[in-house]
Amino acid sequence: MIPPKVSAPNLEPSMTNIFHLPPNQSWVSLGRADPEEELSLTFALRQQNVERLSELVQAVSDPSSPQYGKYLTLENVADLVRPSPLTLHTVQKWLLAAGARKCHSVITQDFLTCWLSIRQAELLLPGAEFHHYVGGPTETHVVRSPHPYQLPQALAPHVDFVGGLHRFPPTSSLRQSPEPQVTGTVGLHLGVTPSVIRKRYNLTSQDVGSGTSNNSQACAQFLEQYFHDSDLAQFMRLFGGNFAHQASVARVVGQQGRGRAGIEASLDVQYLMSAGANISTWVYSSPGRHEGQEPFLQWLMLLSNESALPHVHTVSYGDDEDSLSSAYIQRVNTELMKAAARGLTLLFASGDSGAGCWSVSGRHQFRPTFPASSPYVTTVGGTSFQEPFLITNEIVDYISGGGFSNVFPRPSYQEEAVTKFLSSSPHLPPSSYFNASGRAYPDVAALSDGYWVVSNRVPIPWVSGTSASTPVFGGILSLINEHRILSGRPPLGFLNPRLYQQHGAGLFDVTRGCHESCLDEEVEGQGFCSGPGWDPVTGWGTPNFPALLKTLLNP
């Protein structure tokens, strides 16, 4: 289709500034970037038919719908959301006039990544001023703008946001706890290993992938970290003796640098592959990227550019909702919706700061994180054993992220569960601390406390965080997909509508414990508390594999 002829865009800056918060304090400016330096920017083009996409997600994810499990292909999604010819033409003309080079699009045509010099980029986006920054645990170098940019008025209806200007790379919130003291070791475990997880969640040695289906799973991580195949092999030698497993990753998407292994990258791979044992596993790895790129955005674009993807993706990544522009958060939410329409199960860690805390006009409020707060992902909280060294019931891990979105309204699928929690919880924080009408999370949970990980050939104990619970839950869902695929059914897809309709059937309900929040006189560091049924600390609870398989196998 030939785009209509368009007059040159009006390049008067519009008044719609796209603001952002001041740069993260852990990043230090090294001064202005050289005007001739090259930079890559990502332009998110305005999509069409987003409302229709939302209706289709509901139809393919709701077990009571005749469309249940009839997922869209990437090509179907592209036909639906592809930007209008006018948008494509206007943006391309604008970028061409600015001297943009080496522009790459995706199959859905709603992202464009181009190279420009710093000088060209600053002319293209009035207000932007690029600086070199250094920060993060690995002293990463990035190029970012500490100032908001403006879009020319003629472009505002066609561009959602420009990526690569403001958001800094994430840092890990994993903790390594001090080793607890223990006396006498009869019947005790000394930290969480695959055999502890498999025992607690009732996985037998037969509960592994068949190796014959086209089932696969993936983890994505956006830290400056790598996993090493040699660490995975050693981990499986130490801890994988009593179940069939794969000793190596099937595919790495992105770059695997040759630096030291990172604990978080090692953890993701090792536990996804030991819970979802013997299932083909992909790793999305962002290291080695150019200074201007945002790894999370790169991952979203990869999803929109590959028609055959793993069915389950686990992601340990989040930002404070309030640190993101409205344009960015809404657009990323649409990207997550696109994945749901295609039948992908996206699991996000709920975060490691409990309810969180920040000060708004001098008053404390809880601080939700995104994408955990997106209504289109399944968010995983964290638990600990009630008796630290026994495989017993689980209680809340006080770091387990949870709460209510300040951006997304409560989706219909969780209306009943959340209303029930709000009306029956005996320990509700004051209403000024949270938005009771927002999307509430997490949806489920798993153990997040005291894991063993092998990193740089060294077994490391007592690693904790929802970065651990998320791949465990993901691996278990992959095992359920295995049964579904072998019996001719579609994979689970976006799980939440079904999970809430079935009132958490197949999960161990976690009813004891509260997570952390603001240290002030009013709430004294306590956020929400778990209770019977769904709660915003552990969701519906933790997996009981045989029961969960039974409840999710049909239809």
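All residue numbers here refer to positions counted from 1 along the written sequence of the relevant chain. Whole-chain, interface and lining totals are the exception, using all residues; otherwise, since this is a predicted model, local features are given only for residues with pLDDT of at least 70 and side-chain atom pairs are given and counted only at 80 or more. Hydrogens are left out, water is left out, and the side-chain values use all remaining heavy atoms of the structure.

If you check an unreviewed UniProt entry, the chain appears there as Tripeptidyl-peptidase 1 from Gorilla gorilla gorilla. UniProt positions are given in the numbering used here, feature names are shortened, and annotations may be inferred rather than shown by experiment. The UniProt entry for the chain carries this comment under Subunit (unreviewed entry): "Monomer. Interacts with CLN5. Interacts with CLN3." UniProt's Function (unreviewed entry) comment on the chain is quoted here verbatim: "Lysosomal serine protease with tripeptidyl-peptidase I activity. May act as a non-specific lysosomal peptidase which generates tripeptides from the breakdown products produced by lysosomal proteinases. Requires substrates with an unsubstituted N-terminus."

Bringing the state of the cysteines into the picture now. By disulfide we mean two sulfur atoms from cysteines, separated by a distance within 2.5 Å. Under the definition given, this model contains three disulfides. One disulfide in the model links cysteine 103 with cysteine 114; its S-S distance is 2.1 Å. Measuring the twist about the S-S bond at about 120 degrees, one finds the cysteine 103-cysteine 114 disulfide to be right-handed. Pair noted here: cysteine 103 is in strand S4 (residues 101-105) and cysteine 114 is in strand S5 (residues 111-117), with a separation of 11 residues, a long-range link. Helix and strand labels come from DSSP, where a helix needs a run of H or I of at least four residues and a strand needs a run of E of at least two; each type is numbered from the N terminus.

Further remarks concern the nonpolar core. Each nonpolar core is a collection of buried residues, namely Ala, Val, Leu, Ile, Met, Phe, Trp, Tyr and Cys, held together in the definition by side-chain atoms within 4.5 Å. Think of it in three bands: residues with accessible area under 20% of the maximum for their type are buried, residues over 50% are exposed, and the middle band is partly exposed, with areas taken using a 1.4 Å probe on protein chains only. Judged by nonpolar contacts, the single largest core of 138 residues is most densely connected at Leu41, Phe43, Trp94, Leu125, Phe130, Trp299 and Tyr451. Counting residues per element, this core draws most heavily on helix H9 (residues 326-341), at eight residues. Segmentation of the chain into domains, including their bounds, is taken from an automatic or database domain assignment. Structurally, this core is a two-domain feature, drawing no fewer than three residues from each of domain 1 (27-47 + 82-163) and domain 2 (194-553). Contacts are assigned to residue pairs that have any heavy atoms within 4.5 Å of one another. Beyond its immediate chain neighbours, meaning those up to four positions away, leucine 41 contacts Leu112, Thr113, Cys114, Leu116, Ala121, Leu125, Phe130, Val162, Gly163, Gly164 and Leu165.

On to the sheet that holds strand S6 (residues 131-135), then. A pair of strands is treated as paired once DSSP finds two or more bridges between them. In spatial order, the strands read S2-S6-S7; together these three strands make up an open sheet with antiparallel pairing. Only two strands of the sheet have a single neighbouring strand rather than two, namely strand S2 (27-32) and strand S7 (140-144). Ignoring which end each strand starts from, the neighbouring axes of this sheet average 30 degrees apart. Relative to S6, S2 is paired through five bridges, and the arrangement is antiparallel. Within the sheet, the bridge partner assigned to glycine 31 lies in S6 and is histidine 132. Axis lines are fitted to C-alpha atoms, over the contacting stretch for helices. Their N-to-C directions set the angle, which ranges from 0 to 180 degrees.

Turning next to the confidence of the model for the chain. Looking at the chain as a whole, the pLDDT averages 89, with 91% of positions reaching at least 70. Considering only residues more than four positions removed or in separate chains, one finds that residues 1-23, a stretch of pLDDT under 50, has 51 contacts. Scored between 0 and 100, pLDDT is the confidence that the predictor attaches to each residue. Considering only residues more than four positions removed or in separate chains, one finds that residues 181-186, a stretch of pLDDT under 50, has four contacts.

To continue, consider the pairing of strand S16 (residues 345-349). Of all five residues making up S16, five are buried, and the element is well covered by its neighbours. The alternating pattern of S16 places Thr345, Leu347 and Ala349 on one face and Leu346 and Phe348 on the opposite face, and all of these are buried. In terms of strand pairing, strand S14 (residues 312-315) meets S16 through four bridges, oriented parallel. In the sheet register, valine 315 faces S16, and the bridge partner there is phenylalanine 348. Sheet analysis places S16 next to strand S20 (residues 378-385), joined by three bridges and oriented parallel.

Before going further, it helps to spend a moment on the sheet that holds strand S9 (residues 159-163). Spatial strand order, S4-S5-S3-S9: four strands in an open sheet with antiparallel pairing. Edge positions in the open sheet fall to S4 and S9, since each of these has one partner strand only. With direction set aside, neighbouring strand axes in the sheet form an average angle of 20 degrees. Of the pairings in the sheet, the one linking S4 to S5 comprises three bridges and is antiparallel in character.

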